[in-house]
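Here is how the chains run, residue by residue.
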Amino acid sequence: MNIYVSNLNYKVDSDGLMQLFEGYGEISSARVIMDRFTGKSRGFGFVEMPDDAAAQKAIEELNQAEHEGNIITVNEARPREERPRNNFGGGGGYNRGGYNNDRGGYSDRRGGGDNYNSDRRPRRW
């Protein structure tokens, strides 16, 4: 069973999480999730236990328990939901508006159109 643990103290690492659950049975893995930019804990993690009965006992006894100064929340992990990718940022790209798009400065403020600057007349060569 996969167990989700939240509100962990930021000092707790994967080894500390494993030690917390060791008294309840065999642990396949224990992992504290780290921020990819700062390298610091994000305050939650996952523990994988092969024995569902032992995992359920750990959930019941550790949920809302105090650990390292924090009241932790422990429950069965839900499957990860598929979320659409979000392309953060604006502008850029041909005829999408915004600063510094593929065709130069701030152009195409109204969107759409096939011209270099659709808010002006097309150039005649």
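Residues numbered from 1 in each chain as written. Predicted model: local features only at pLDDT ≥ 70, side-chain atom pairs only at ≥ 80, totals over all residues. Heavy atoms only, no water.

**Student:** How would you summarise the side chain of Ser41 if you had to cite specific residues and measurements?
**Tutor:** By secondary structure assignment, the location of Ser41 is in strand E3 (residues 41-48). The buried category is assigned to Ser41, whose relative accessible area is 10%. A polar contact of 2.9 Å, which involves the side chain of Ser41, links it to the backbone nitrogen of Gly43. If we ignore the near neighbours within four places in the chain, the residues touching Ser41 are Tyr10, Val12, Val32, Ile33 and Met34. (Helix = DSSP H or I, 4+ residues; strand = E, 2+ residues; numbered from the N terminus. Buried < 20%, exposed > 50% of the residue type's maximum accessible area, 1.4 Å probe, protein only. Polar contact = N/O pair within 3.5 Å; in protein donor to acceptor, adjacent residues only side chain to side chain. Contact = heavy atoms within 4.5 Å.)

**Student:** Outline the packing of aromatic side chains, listing residues and values.
**Tutor:** Evaluated as defined, the whole model comprises three aromatic pairs. Taken together, a centroid distance of 5.9 Å and an interplanar angle of 45 degrees make the contact between Tyr4 and Phe44 tilted. Of the two residues, Tyr4 is situated in strand E1 (residues 2-6) and Phe44 in strand E3; the sequence distance between them amounts to 40 residues. Judged by its relative accessible area of 19%, Phe44 is buried. Clustering of aromatic rings is evident, with ring pairs tying together Tyr4, Phe44 and Phe46. (Phe/Tyr/Trp six-rings, centres within 6.5 Å; stacked < 30°, edge-to-face > 60°.)

**Student:** Run through helix H2 (residues 52-62), naming residues and quoting values.
**Tutor:** What H2 keeps buried is the set Ala54, Ala55, Ala58, Ile59 and Leu62. The arc that holds the buried residues of H2, viewed along the axis, is 140 degrees, so those residues lie on one side. Away from its buried face by more than 90 degrees, H2 exposes Ala53 and Glu60. Close packing links the buried residues of H2 with E1, helix H1 (14-21) and strand E6 (73-76). Capping the start of H2, Asp51 holds a side-chain oxygen 3.2 Å from the backbone nitrogen of Ala53, two or three residues further along. (Arc of directions from axis to C-beta.)

**Student:** Can you explain H1? Please cite residues and give values.
**Tutor:** Burial in H1 covers these residues: Gly16, Leu17, Leu20 and Phe21. Angularly, the buried residues of H1 cover 135 degrees about the axis, an arc narrow enough to put them on a single face. Of the residues in H1, the exposed ones pointing more than 90 degrees away from the buried face are Asp15 and Gln19. Looking at the buried residues of H1, the elements they touch are E1, strand E2 (29-34), E3, H2, strand E4 (66-67) and E6.

**Student:** Give a detailed account of the sheet that holds E3, specifying residues and quantitative values.
**Tutor:** Read from one edge of the open sheet, four strands run E2-E3-E1-E6, paired in antiparallel fashion. The open sheet has two free edges, formed respectively by E2 and E6, since each of these has just one partner strand. Strand after strand, the sheet turns through a mean of 20 degrees between neighbouring axes, direction not considered. Here E1 runs beside E3; their pairing, made up of five bridges, is antiparallel. What sits directly across from Ile3, in E3, is Val47. The strands touched by H1 within the sheet are E1, E2, E3 and E6, with E2 carrying the most contacts at an inclination of about 140 degrees. (Pairing = 2+ DSSP bridges. Axes fitted to C-alpha atoms, helices over the stretch in contact; angles between N-to-C directions.)

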